[in-house]
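Survey of secondary and tertiary structure
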Amino acid sequence: MDYTMEDTQDTIDDLEWLRRAFSARTDTMTLFTTEVQKICSAALDASNIRHAPITSRVKSWESAHGSLLRRQHERILIQRLKSLVESKGRRWEEYARETGLSLNSQDTKLPDGSEDMLATLHDFSGVRISLYFPGDLEKVAAVLEQRFDIVRRTDKGHRSGIDVQSLEERFRSLEDPKNTNQSTLHSKRPQQSIRTFTGYKATHFVVRLRDEYLADINKFGWMDVVGEIQVGTLVMHVWSEIEHDMIYKPLDSQGAEVSEDEKRILDVINGIVLTGEAALRQLEVSTAKRLNKRAEDDEIMASSHYELATWVEKYFETPGKSLEGVGSEWGPLEKVFTILKAAGRRKHIEVTQLIDYAARKTSSRRQLPEEMIWGLCEIQAVDSKWDKPNTSTSPASIAKEARLCALHLVHSINLAMYLDVVEEFLGLAPLPCQVSFSSFLDILHPGQPQYSSIGTAFNIIKCCRAVIDYQFSSTLAKVATQLPTINEVGSFTESGVPRTPPVPGILTRLFPVEQDAEEGKKLDDTGELYHVLDLIDLYVSSEGQSDKAVIWDLLTAQPLNAESKNQNRDRFFVPAQNPGDMPFGRWRLAHTVQVNIEKINSNDVSQETDPNQMRLKTPDGVLRLAYHLYPREQWEDVGKALYVIKGLRHISRKRLRQENDQLAVTQ
């Protein structure tokens, strides 16, 4: 049998067309793969399944070319082997079954031209899920079936089901005149291809996105796109990397073969891996027993959200109780655990009390965690240590109440961000009265809380109450307003800055920041506000006048777009150390990359402001806000910077309008 890989290359009708078609799809496949990876990560996290970080890749042309040639070569060999077997008077299906050649229709059908050949590349897009425990495989399968349309599921169990080398050996054996028809046709696969162990073991899913993920017009091109999701244990995937990427793949690219010694060594390692998987199954059972045993101790504290899930499952094993959606996704159980840990309420007896409360409202796995943390609000409300709203009209009392309300709102907004319901809060704008964001920062500062007038403090109270007293329909939104009220948890703090929660920049969507009075109009969007503050910082840090050209380039070459405007969600105002001559508390604008959920300390919110300590008269709007970010000696440069930026913004917008008008005329 002298059929070679070079002969297979000749069967591809147009290799250059194939390469161009592949390259044209690469960008689409990259975006598609990222989306699939994101969906898998969210689904597995919500399902409480332990796994290593999910990885993904899109095949390169070199890898795809090799795969396509190999698959084409295998299919041609199978077609020729089938003809040879049938010429000797045997049924092909019987021969394949008796010799252990596991095949399906996709393995034997030859592609009809290059386009059909490219369509067979189902692993163009690849996502890998590596599990710690083998017993979680079917849980993952159930999750994937809920999130994707499953085109095909393949349980990989033996590498040599289809193997070019074994197929060629079968040919040689059948064509050898020394062998009789009967002995050859009934023989098993060649001896040197036999393994003691089963080889690579995992489950591969070829998936397509469901319609709900394709509603966005930008994703319409993904309608017929498929990708492969590989699900197996972490140890099996590591062994697969060694076998395939380090041994077989390099040799395939050189047209060489793996030696028998290497095969035997890989077989031994595979046996060790399979033994490890068996041990992991036993460990999984033993761990479950240990967690169940721990749940018998009322004073034991949950160590993770996985143990929290075990307690919930055990609770619903009681006769007469049932948890709906077994095998489906949980609600925000990991966030529930974080909140309970911060609140110091994760003992088994306390958690059981919350589960019992939630179970009276729902038996849904998805809804139960939300009801548990709402139960924390309901059950512990009697222990509230926050000061109640007072009716005193003294300046000191009004100032204290304004500060408490402002802190309560900040804690609520930060918790809403943590629980992914912040848009429900921001959708309440406009508020019943006007309070500038700078005034809000003034009364919030932990070192120098101040206000400009009793009227300003009173308006802050009204605005904050309008939000935190709103009757939200969402359970999680209600949790965000109630947890700080009962002095439980809510401090969303920057790492290393304890008990001084950063003020999220998105609050500027509730409290407006206006331009200077001479311009007389608001900024177009809060995203533009942070763009302007960034330009001021560039100007000040670059010693002013010499950097007009740089600012001009930023304003004209990078026009504000939707993506840049949404960056304000990641910006926080963090209290900074105050120089002695500052008229009000200084802040710094930062990207908070790591945050901690902490329990609120009532001592941190009871500080009174001095009603007689009035701050100096400063401008309103962006300039006033910018003054909060710099020491007083830099205020002159800050003012110059804003003057330069305003002029450049005006010119650039006028020029852009002119360019748009010219473009319209030419069209």
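Cut-offs applied
For every chain, the first residue of its written sequence is number 1, and the numbers climb from 1 along that sequence. Reporting of local features is limited, given that this is a predicted model, to residues whose pLDDT is at least 70; pairs of side-chain atoms are given and counted only at 80 or more, and all residues count toward the totals for whole chains, interfaces and linings. Side-chain metrics rest on all non-hydrogen atoms present in the structure, leaving aside hydrogens and water. Like charges are joined within 9 Å and nonpolar side chains (Val, Leu, Ile, Met, Phe, Trp, Tyr) within 5 Å, but only among residues with over 30% relative accessible area and no salt bridge; these make up the patches. Surface accessibility follows the Shrake-Rupley procedure with a 1.4 Å probe radius. Residue values consider only the protein chains on display as shielding. Whenever Lys or Arg places a side-chain nitrogen within 4 Å of a carboxyl oxygen from Asp or Glu, that contact is recorded as a salt bridge. Strands are runs of DSSP state E lasting at least two residues, helices are runs of H or I lasting at least four, and both sets are numbered from the N terminus onward. Between buried and exposed lies partly exposed: a residue is buried under 20% and exposed over 50% of the maximum accessible area for its type, with that area taken using a 1.4 Å probe on protein chains only. As a rule, the C-alpha atoms of each element are fitted with a line to give its axis, helices using only the stretch in contact, and angles between N-to-C directions run from 0 to 180 degrees. Just so you know how the angles are binned, under 35 degrees is roughly parallel, over 145 roughly antiparallel, 65 to 115 roughly perpendicular, and the rest oblique. Any two residues having at least one pair of non-hydrogen atoms within 4.5 Å are treated as being in contact. Nonpolar residues are Ala, Val, Leu, Ile, Met, Phe, Trp, Tyr, Cys and Pro. Charged residues are Asp, Glu, Lys and Arg, and all others, Gly as well, are polar. Strand pairing is assigned whenever DSSP identifies at least 2 bridges connecting the two strands. Take the far helix as the reference: if the near one is turned anticlockwise from it by less than a right angle, the crossing is left-handed, and if turned clockwise, right-handed.

1. Here's the deal with a nonpolar patch on the surface
Residues Tyr132, Leu234, Val238 and Ile242 make up a contiguous nonpolar surface patch of about 300 Å² in total accessible area. Here Tyr132 lies in the loop between β2 (125–131) and α7 (137–147). For Tyr132, a relative accessible area of 36% translates into the label partly exposed.

2. Structural notes on the packing of helix α16 (residues 395–418) against helix α18 (residues 437–444)
Put simply, α16 and α18 touch, their axes get as near as 9 Å, and they point 105° apart. Between α16 and α18, the crossing angle belongs to the class labelled roughly perpendicular. The residues of α18 that touch α16, namely those facing Ala399, Ala402, Arg403, Ala406, Leu407, Leu409 and Val410, are Phe440, Ile443 and Leu444. The residue makeup of the contact of α16 with α18, split by class, is 9 nonpolar, no polar and 1 charged.

3. What to know about the sheet that holds strand β7 (residues 503–504)
Read from one edge of the open sheet, 3 strands run β7-β8-β9, paired in antiparallel fashion. Of all strands in the sheet, those bounded by a partner on one side alone are β7 and β9 (587–591). Two strands pair when backbone bridges link them, and β7 and strand β8 (residues 571–575) are joined in this way by 2 bridges, in the antiparallel orientation. Each residue of the ladder has a partner; that of Val503, found in β8, is Phe573.

4. What to know about the sheet that holds β2
Strands sit in the order β1-β2-β5-β4-β3 across an open sheet of 5 strands; the sheet is mixed. Strands with a single pairing partner mark the edges of an open sheet, and in this sheet they are β1 (55–58) and β3 (148–156). Between one strand and the next, the sheet's axes are offset by a mean angle of 20°, whatever the strand orientation. Judged from the 6 bridges that link them, strand β4 (residues 202–209) and strand β5 (residues 226–233) form a sheet pairing that is antiparallel. The residue of β5 that forms the bridge with Val206 is Glu228. In the packing of α7 onto the sheet, contacts are made with β2, β3, β4 and β5, and the angle to β3 comes to roughly 155°.

5. Focus: the packing of α16 against helix α20 (residues 475–485)
Packing of α16 against α20 leaves a shortest axis separation of 8 Å and a crossing angle of 135°. Relative to α20, α16 is oriented oblique. As for the relative orientation of α16 and α20, their crossing is right-handed in sense. The segment α16 lies against α20, with His408, His411, Ser412, Leu415 and Ala416 engaging Ala480, Thr481, Leu483, Pro484 and Thr485. Looking at the contact of α16 with α20 residue by residue, the classes come out as 5 nonpolar, 5 polar and no charged.

6. A closer look at the pattern of salt bridges
One pass over the full model with this rule turns up 18 salt bridges. For the salt bridge of Arg360 with Asp356, the shortest nitrogen-to-oxygen distance reads 2.8 Å. By relative accessible area, which is 60% here, Arg360 ends up exposed. The partly exposed category is assigned to Asp356, whose relative accessible area is 30%. In this structure, Glu636 engages Lys640 in a salt bridge whose closest nitrogen and oxygen atoms are separated by 3.8 Å. Residue Glu636 and its partner Lys640 are both found in helix α25 (residues 635–666); the two are separated by 4 residues, about one turn of the helix. Taken together, the shared-partner salt bridges connect Glu138, Arg153 and Asp155 into one network.

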